[in-house]
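In case you want the letters, here they are:
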Amino acid sequence: MKFQIKHETKGRMRVHLMQKRMSYEQADTLLYYLHQNKQVSFVKVYERTADAAISYVGDREEVIKALRAFSYEKADVPQEVIANSGRKLNADYQEKLITKVACRYIAKVVIPFPVRAIYTTFKSLKYIYAGVRSLCTGKLEVAVLDATAIGVSVLRDDIATASSVMFLLGIGELLEEWTHKKSVDDLARSLSLNVKKVWMKKDDQEILVSASDIKVGDEVVVRMGKVIPFDGVVTGGEAMVNQASLTGESVPVRRVEHNSVYAGTVIEEGELTVRVKEVGGSSRFEKIVTMIEDSEKLKSASESKAEHLADRLVPYTLGGTALTYLLTRNVTKALSVLMVDFSCALKLAMPVSVLSAIREASLYNITVKGGKYLEAVAEADTIVFDKTGTLTHACPVVARVIPFGGRSEDDMLRVAACLEEHFPHSMANAVVRAARERNLAHEEMHSQVEYIVAHGISSMVENKKVVIGSAHFIFEDEKCTVPAGEQEKYDALPVEFSHLYLAIGGELAAVICIADPLRPEACDVMKALRALGIKRTVMLTGDSERTAAAIAAEVGVDDYRAEVLPEDKANFVEQERAAG
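Conventions used here
Residues numbered from 1 in each chain as written. Predicted model: local features only at pLDDT ≥ 70, side-chain atom pairs only at ≥ 80, totals over all residues. Heavy atoms only, no water. Helix = DSSP H or I, 4+ residues; strand = E, 2+ residues; numbered from the N terminus. Buried < 20%, exposed > 50% of the residue type's maximum accessible area, 1.4 Å probe, protein only. Contact = heavy atoms within 4.5 Å. Salt bridge = Lys/Arg side-chain N within 4 Å of Asp/Glu carboxyl O. Expected span 1.5 Å × (residues − 1). Pairing = 2+ DSSP bridges. Axes fitted to C-alpha atoms, helices over the stretch in contact; angles between N-to-C directions. Phe/Tyr/Trp six-rings, centres within 6.5 Å; stacked < 30°, edge-to-face > 60°. Core = buried A, V, L, I, M, F, W, Y, C linked by side-chain atoms within 4.5 Å. Parallel < 35°, antiparallel > 145°, perpendicular 65-115°, else oblique. Left-handed = near helix turned anticlockwise from the far one by under 90°. Nonpolar A, V, L, I, M, F, W, Y, C, P; charged D, E, K, R; others polar. Polar contact = N/O pair within 3.5 Å; in protein donor to acceptor, adjacent residues only side chain to side chain.

1. Re the overall build of the protein
Summing up its helical and strand segments, the protein has 19 helices and 20 strands in all. Counting over 580 residues, the protein shows a buried share of 42%. Relative to all contacts within the protein whose residues are 6 or more apart in sequence, the contacts with residues 24 or more apart total 65%.

Given below as structure tokens:
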């Protein structure tokens, strides 16, 4: 790609691509391509000027090399990134705003006054009807004030004033619409799976096809480390699936034939063949997005704080207008009170401030669905948290090693790491990492390792059989026993952790306690929320009751619910809302 560096400072450059026009799709393609570069820390693409502002760390030449290698045809960009970029939406609404302002001032110059008067009178009927409808319901709202201001202006042949009021109201409505559509767009983009290609199984062969080509009933093969792209049922294989994105479980769950799997979850180990049940807009993952969007539509049409204030000012404004007329008997002076009322200013200021607040929140990676949610947070007395990845790190770590049979902690952790390093799932990584942190170097002391998916690992060390895995695997499948005299120690294992069992020669050698650690700031956040006036904090998680109880006690939440799915979480929130 040919380009020109327009100007640059240390760690930042602005480049101009040598092309006449840049489409929205091209701009998004370039943006995605540059974001994938490890040298690039921030980039913004301006499609109108075909420019890109690039902030980078490291070698300047690497960035230039990447730009030279770029081409729109070769760049591999997920279709969801283009579809949900929001670039066209923002450009469309910017054009609508500019067009609205331009048309107003051009019309003043070009269109004769009689024609403008007829058009303004016709346009005012919409606002007058809204005001009358509000009065019919027994409410004195801003709509009544708008109708009065516009209606009286039209009756007095003050067409310019009526036109100005309607123009400002139209700008406010446009900004509100833009705010809503942009926030929903941001939500869809942040939850997009971005899966481009999948392996489809057909006639005992695997074919690499576009994800958009998959239909209900097709079978896809998903391997270790990959995201499951569709909701479906397992028809073959066995795997450990990380479902934290849906259920909040920090520990992977076993999935075999006839089990259901969900889009957005990740295979940590093993391989599955999945018969697709839902595609495009129908998966459980996408239903979460739809559920949130629908919750916006199903909410009662409660007004925002600014609108409440504006509505409360209406009776005073109308009263002030009437009082001014009674004291002065001057219609112009009375109407001036109506025209300088602050209700319209409050109503217009709201969408502008919401846009600014949503933009500010996005800089901190916070997605805000709309202005009413900013207000709702301020008024809330209960806050509900997810656990995994919110209060915790969603990265298992070794909390304790409890040896049995007179063995040492370090020796047992060394043996466990020696076996687990061959299988990079989350709990194995935690064991290997813990051994490394304790500087426990180990040689390959074992014979060939046999791995049983969702159960554990079996091998031989110094002519003794060594197994590591779940309690079911160790005690039921392998028939291992607890060393004599240590049953009480075994019964006292800390319940707040997940347990990984290590047995040597048919006897329990150690229990490795795995924790999903709290974020260091979690407890301070709870204290800060109470200081702000939050009366109740609740934790919802798909994790087990045992783990949930331990985390809830440690972080200091007032209440918790364990083993809940996304729908259950949504229902709980609705119940809390209904309770006030």
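And the narrative resumes.
2. Concerning the pattern of salt bridges
The tally for this structure, following the rule as stated, stands at 24 salt bridges. Across the salt bridge formed by Arg60 and Glu61, the nearest N and O atoms sit 3.1 Å from each other. Across the salt bridge formed by Glu478 and Lys465, the nearest N and O atoms sit 2.9 Å from each other. You can see Glu478 sitting in the loop between helix H15 (471–477) and helix H16 (487–491) and its partner Lys465 sitting in strand E16 (residues 464–469), a full 13 residues away along the chain. A single salt-bridge network, built from bridges that share partners, covers Arg536, Asp559, Arg561 and Glu576.

3. A closer look at helix H4 (residues 87–110)
Between its terminal C-alpha atoms H4 stretches 33 Å, which fits the 34 Å expected from 24 residues at 1.5 Å a residue. Here H4 has its buried residues at Arg87, Leu89, Ala91, Tyr93, Leu97, Arg104 and Ala107.

4. A look at the sheet that holds strand E18 (residues 507–515)
Reading across from one edge, E13-E18-E17-E16-E15-E14 is the order of the 6 strands in this open sheet, with antiparallel pairing throughout. Two strands bound the open sheet, and with one partner strand each, they are strand E13 (397–403) and strand E14 (450–452). Within the sheet, the average angular offset between the axes of one strand and its neighbour, ignoring direction, is 20°. Of the pairings in the sheet, the one linking E16 to strand E17 (residues 498–504) comprises 4 bridges and is antiparallel in character. Among the inter-strand pairings, Val467 is bridged to a residue of E17, identified as Ala503. Packing of helix H13 (residues 409–420) onto the sheet brings it into contact with E13, strand E15 (456–461), E16, E17 and E18, and relative to E16 it is tilted by some 80°. Across the sheet, helix H14 (residues 426–437) lies against E13, E17 and E18, angled at about 70° from E13, the strand it touches most.

5. Looking at the packing of aromatic side chains
To describe a pair of aromatic rings, you give the distance between the ring centres and the angle between the ring planes. According to the stated counting rule, one finds 6 aromatic pairs in the structure shown. Taking the centre distance of 4.8 Å and the plane angle of 45° together, the rings of Tyr33 and Phe70 count as tilted. Placement of Tyr33 in helix H1 (residues 24–35) and of Phe70 in the loop between helix H2 (60–69) and helix H3 (79–83) is noted, with a sequence separation of 37 residues between them. Classification of Tyr33 by relative accessible area gives partly exposed; the value is 25%. The class for Phe70 is buried, based on a relative accessible area of 2%.

6. What to know about the environment of Leu30
Within the element layout of this structure, Leu30 appears in helix H1. Leu30 sits 15 residues away from Val45 along the chain, and the two C-alpha atoms are 7.5 Å apart. For Leu30, the contacting residues outside a window of four places in its chain are Leu17, Met22, Val45, Ala52 and Phe70.

7. With respect to the nonpolar core
Residues Val398, Leu413, Val431, Val466, Ile468, Leu502 and Ile512 are the most contacted members of the largest nonpolar core, which totals 27 residues. Every element with two or more residues in this core is listed here: E13, H13, H14, E15, E16, E17 and E18. Here the element with the most residues in this core is H13; it accounts for 6 residues. Those residues within four positions of Leu413 in sequence are excluded, and the remaining contacts are Val401, Val431, Ala434, Ala435, Arg438, Leu440 and Ile512. Val15, Leu30, Val63 and Phe70 belong to the second largest nonpolar core, which has 20 residues in total.

8. A few points about the packing of H1 against H4
A pair of packed helices is characterised by two quantities: the angle between their axes and the separation of those axes. Closest axis-to-axis distance for the H1/H4 pair is 9 Å, and the angle between their directions is 135°. Relative to H4, the element H1 is oriented oblique. Relative to H4, H1 is oriented so that their crossing is right-handed. Of the residues in H4, those in contact with Tyr24, Ala27, Asp28 and Leu31 of H1 are Arg87, Lys88, Ala91 and Glu95. Partitioned by chemical class, the residues of the contact of H1 with H4 number 4 nonpolar, no polar and 4 charged.

9. Quick notes on the side chain of Asp51
Inspection of the secondary structure assignment puts Asp51 in strand E4 (residues 51–56). Assessed through its relative accessible area of 1%, Asp51 is described here as buried. Only 2.9 Å separates the side chain of Asp51 from the side chain of Lys6, close enough to count as a polar contact. Once you skip the residues sitting within four places of it in the chain, Asp51 turns out to touch Lys6, Arg14, Val15, His16, Lys44, Val45 and Tyr46.

10. A closer look at the pairing of strand E5 (residues 197–202)
Relative to strand E6 (residues 205–210), E5 runs antiparallel, the two being bridged by 6 bridges. Across the sheet, Met200 pairs through a bridge with Ile207, a residue of E6. Counting the residues in the hairpin turn of E5 and E6 gives 2 residues, including Asp203, whose phi is positive at 55°. The sheet contact formed by E5 and strand E7 (residues 219–223) spans 3 bridges and is antiparallel. Its bridge partner lying in E7, Met200 is registered against Val220.

11. A look at the environment of Ala322
Among the structural elements, Ala322 can be located in helix H9 (residues 305–328). Judged by relative accessible area, Ala322 falls into the partly exposed class, the value being 41%. Sequence separation between Ala322 and Ala334 is 12 residues, and the spatial gap between their C-alpha atoms is 6.8 Å.

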